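# Report on the structure
Next come the chains, spelled out residue by residue.
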Number of protein chains: 2
Amino acid sequence: MTAPAAAGRARFERVAVIGVGLIGGSFALALKARGACGTIVGVGRDPGNMRVARERGIVDAVETDPGAAVRGADLVLVATPVAQFPALFERIVPSLSSTALLMDAGSTKQDVVAAARSALGARVGQFVPAHPIAGAEHSGAAAAKADLFAGKRVVLAPLPENPPASVDAVAGAWEACGARTFRMGAAEHDAVFAAVSHLPHLLAYALVHEYAGRPNSGQLFGYAAGGFRDFTRIASSHPEMWRDICTANRVALVAELDRYVDKLRALRKPLLAGDGAALETVFREARSARNRWLAGEFEP
Amino acid sequence: MTAPAAAGRARFERVAVIGVGLIGGSFALALKARGACGTIVGVGRDPGNMRVARERGIVDAVETDPGAAVRGADLVLVATPVAQFPALFERIVPSLSSTALLMDAGSTKQDVVAAARSALGARVGQFVPAHPIAGAEHSGAAAAKADLFAGKRVVLAPLPENPPASVDAVAGAWEACGARTFRMGAAEHDAVFAAVSHLPHLLAYALVHEYAGRPNSGQLFGYAAGGFRDFTRIASSHPEMWRDICTANRVALVAELDRYVDKLRALRKPLLAGDGAALETVFREARSARNRWLAGEFEP
């Protein structure tokens, strides 16, 4: 049974977390720390990672079969790379209780919704799409922490079929983890995150890969400093996860990539002409916008 | 008089620091902390910044006239934005002692060398080009700190006219600040830093500026998270300084920009085709290279 949605008042008796990595593991730790759940069963492919999940008390039990794991669960979180969602949804639907809430932590939403519709059919109303805006370049149960979502944002992309109480209950679960929840459509979500998350990852991977392939890569990395380190931090992110995100959201991502290349082409002109005033204007406006963002001026 | 060059044994009686910002101010603090200098006179255009430099004990005296400041100095550091170098060199040459060492902290070298040759003429051997690989998005005397260069790299780009003892003395000054010194040609320097420093700054400024100009900029920045914050940290860098660096090194920077745009075009194909395997290979290789870099595997 799920409690009312007010922040922190959510309570789940049996929670199944499929994919006990940074996100799934931190969600489990946060619910436990808040006393917002009973038993948590974890599902994972990697025995070593699941051993860590057990040893760290992230999960109370480990299952290898997702179907068995969700049996009797009132809340199911799918937190694997998104490419595994279609097969996973198919596996769990037969044993998913008709009163259970199913949610995900995928970084893309339109593809996840399509997979859920295909697998759940008339029961798709049980699935409430969610995307916690939290992460790190580290991954796995070893990186999970109870406060990962504290003060972070979670975007819910509710379906027309979702009962409002179900959306509120999912919001309550994330709020119990310390997060603030927001709601928007799946297509709008994918466009926003293609811009502020997916493109920066692609750009960072591309820059590091470009220099790693140069004959003088040792010299280049040898002189790279703090600016390069921070600019490329996200190029240490999980390759499989980002492969899935980029392919799943490729339409919106290609659109943002093309707009960015156009932006670089436009900047190339004053650069080549040595037009310092034009460059300084762009740099000043960018710094001003970023500093206003850091000051908390922008709210969704 | 300059002491032998062995690390830490450099000693300068009167040091003139022209441009008492993060770099010039930190150099002064480091020399003082190491007892490697007598008096330090600072030159700056901004009275407020120079007051901070005096109050923090970064400099012992303040001059507004660079010519007066270098009179009697045995070491002169020019640490202003590089665009000011030509005029500054012209102003200090008449009062520069024939035994004084002149060095800079500019992020570009070919343009600085050209300016020095033009102003110093036959005395260009007194100028030892240097580039400390240290910085932050903060600037000004208030941001200066004695340990800014500890363990950092300083590239020296010696001229054929430099007496070896002068190059060693400049190396000794930076080593007294805790830095490790390396030597390469000015053109090679500019090509390396166009890649690992100047391009990342341009890319970060461009991304922030692009989103700041969108009708939904509030929404975009509202959902931007830690990855975006680190990727764009250098977009909070000093606009005037980066205007000068980008224009001074525009030939090498445009070349790197074009190669990067080609790289993005090449990545666009597997992205558009949803070729996850090709993307994952790039992401894995990039992460591997970056992690090897973080592990210290790359040395100049």
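Structural data are supplied above this passage.
Scope of this entry: the structure provided in the associated data block. (Residues numbered from 1 in each chain as written. Chains lettered and ligands numbered in written order. Predicted model: local features only at pLDDT ≥ 70, side-chain atom pairs only at ≥ 80, totals over all residues. Heavy atoms only, no water.)

## A short note on the packing of helix α11 (residues 250-273) of chain A against helix α12 (residues 276-294) of chain A
Residues and elements named next belong to chain A. Where α11 meets α12, the closest approach of the two axes is 8 Å, and the angle between their N-to-C directions is 135°. Looking at the two axes, α11 sits oblique to α12. Along its contact with α11, which presents Leu267, Pro270 and Leu271, the element α12 presents Ala278, Leu279 and Val282. In the contact of α11 with α12, the residues fall into six nonpolar, no polar and no charged. (Axes fitted to C-alpha atoms, helices over the stretch in contact; angles between N-to-C directions. Helix = DSSP H or I, 4+ residues; strand = E, 2+ residues; numbered from the N terminus. Parallel < 35°, antiparallel > 145°, perpendicular 65-115°, else oblique. Contact = heavy atoms within 4.5 Å. Nonpolar A, V, L, I, M, F, W, Y, C, P; charged D, E, K, R; others polar.)

## Section: helix α10 (residues 239-248) of chain A
Within α10(A), eight of the 10 residues are buried, which leaves it mostly tucked inside the rest of the structure. Residues of α10(A) that are buried include every one of A:Pro239, A:Glu240, A:Trp242, A:Arg243, A:Asp244, A:Ile245, A:Cys246 and A:Thr247, and no others. For α10(A), the elements touching its buried residues are α7 (186-212) and α11 of chain A together with α11 (250-273) and α12 (276-294) of chain B. (Buried < 20%, exposed > 50% of the residue type's maximum accessible area, 1.4 Å probe, protein only.)

## Considerations on the relation of the copies chain B and chain A
Relative to chain A, chain B is turned by 180° and slid 0.0 Å along the rotation axis, the superposed coordinates differing by an RMSD of 0.1 Å. The operation mapping one copy onto its partner corresponds to a two-fold rotation axis. For chain B, the smallest separation between a C-alpha atom and the rotation axis is recorded for B:Phe231, amounting to 2.0 Å. With an isologous cut-off of 70% or more, the 100% of interface residues of chain B that recur at the interface of chain A puts this contact in the isologous class. (Least-squares fit on C-alpha atoms with pLDDT ≥ 70 in both.)

## Topic: helix α1 (residues 22-33) of chain A
Residues and elements named next belong to chain A. The end-to-end C-alpha separation of α1 is 16 Å, in line with the 16 Å expected for 12 residues at 1.5 Å each. Here α1 lies mainly inside the structure; 10 of its 12 residues are buried. Among the residues making up α1, those that are buried are Leu22, Ile23, Gly24, Gly25, Ser26, Phe27, Ala28, Leu29, Ala30 and Leu31. Looking at the buried side of α1, the elements it contacts are β1 (12-18), β2 (37-43), β4 (75-78), β5 (101-104), β7 (130-133) and α6 (164-176). Downstream of α1 by a residue or two, Gly35 has a phi angle that is positive, lying close to 65°. (Expected span 1.5 Å × (residues − 1).)

## Some thoughts on the pairing of β4(A)
All names here are of chain A. In β4, alternate side chains face the same way, and those of Leu75 and Leu77 on one face and Val76 and Val78 on the other are all buried. As defined by bridge partners, β1 adjoins β4 across four bridges and the pair is classed as parallel. The residue of β4 that forms the bridge with Val17 is Leu77. Here β4 runs beside β5; their pairing, made up of four bridges, is parallel. Bridge pairing links Leu75 to Leu101 in β5. With helix α4 (residues 85-92) bridging β4 and the parallel β5, this β-α-β connection has right-handed handedness. (Pairing = 2+ DSSP bridges. Right-handed = clockwise from strand over helix to strand, strands pointing away.)

## Re the interface of chain B and chain A
Each side of the interface is counted separately: chain B has 89 residues, and chain A has 89 residues. Between chain B and chain A the total buried area reaches about 8500 Å² when both faces are included, carbon and sulfur atoms providing 68% of it. Inspection of the region where chain B meets chain A yields 10 salt bridges. Residue A:Glu210 is joined to B:Arg259 by a salt bridge in which the shortest nitrogen-to-oxygen separation is 3.8 Å. For the pair chain B and chain A, the number of links is 32 residue pairs in polar contact (both at pLDDT 80 or more). Elements with a contribution of two residues or more to the side of chain B that touches chain A: β8 (153-156), α7 (186-212), α8 (217-223), α9 (226-231), α10 (239-248), α11 and α12 of chain B. For the side of chain B that touches chain A, the element with the highest residue contribution is α7(B), accounting for 18 residues. For the side of chain B that touches chain A, the per-class residue count stands at 51 nonpolar, 15 polar and 23 charged. (Buried area = accessible area lost by both parts, 1.4 Å probe. Salt bridge = Lys/Arg side-chain N within 4 Å of Asp/Glu carboxyl O. Polar contact = N/O pair within 3.5 Å; in protein donor to acceptor, adjacent residues only side chain to side chain.)

## Focus on the sheet that holds β8(B)
Within a beta sheet, neighbouring strands are joined by backbone hydrogen bonds and run either parallel or antiparallel to one another. All names here are of chain B. Strands sit in the order β7-β8-β9 across an open sheet of three strands; the sheet is mixed. Bordering the open sheet on either side are β7 (130-133) and β9 (180-183), each of which pairs with just one other strand. Within the sheet, the average angular offset between the axes of one strand and its neighbour, ignoring direction, is 25°. In terms of strand pairing, β8 meets β9 through four bridges, oriented parallel. Opposite Val155, over in β9, you have Phe182 as the bridge partner.

## Here we look at the packing of α7(A) against α11(B)
Axis separation between α7(A) and α11(B) bottoms out at 10 Å; the angle between their running directions is 115°. Here α7(A) and α11(B) pass one another in a crossing that is right-handed. On α11(B), the residues that touch A:Leu202, A:Leu203, A:Ala206, A:Leu207, A:His209, A:Glu210 and A:Tyr211 of α7(A) are B:Glu256, B:Arg259, B:Tyr260, B:Lys263, B:Leu264, B:Leu267 and B:Leu271. Its residues placed into classes, the contact of α7(A) with α11(B) shows nine nonpolar, one polar and four charged. (Left-handed = near helix turned anticlockwise from the far one by under 90°.)

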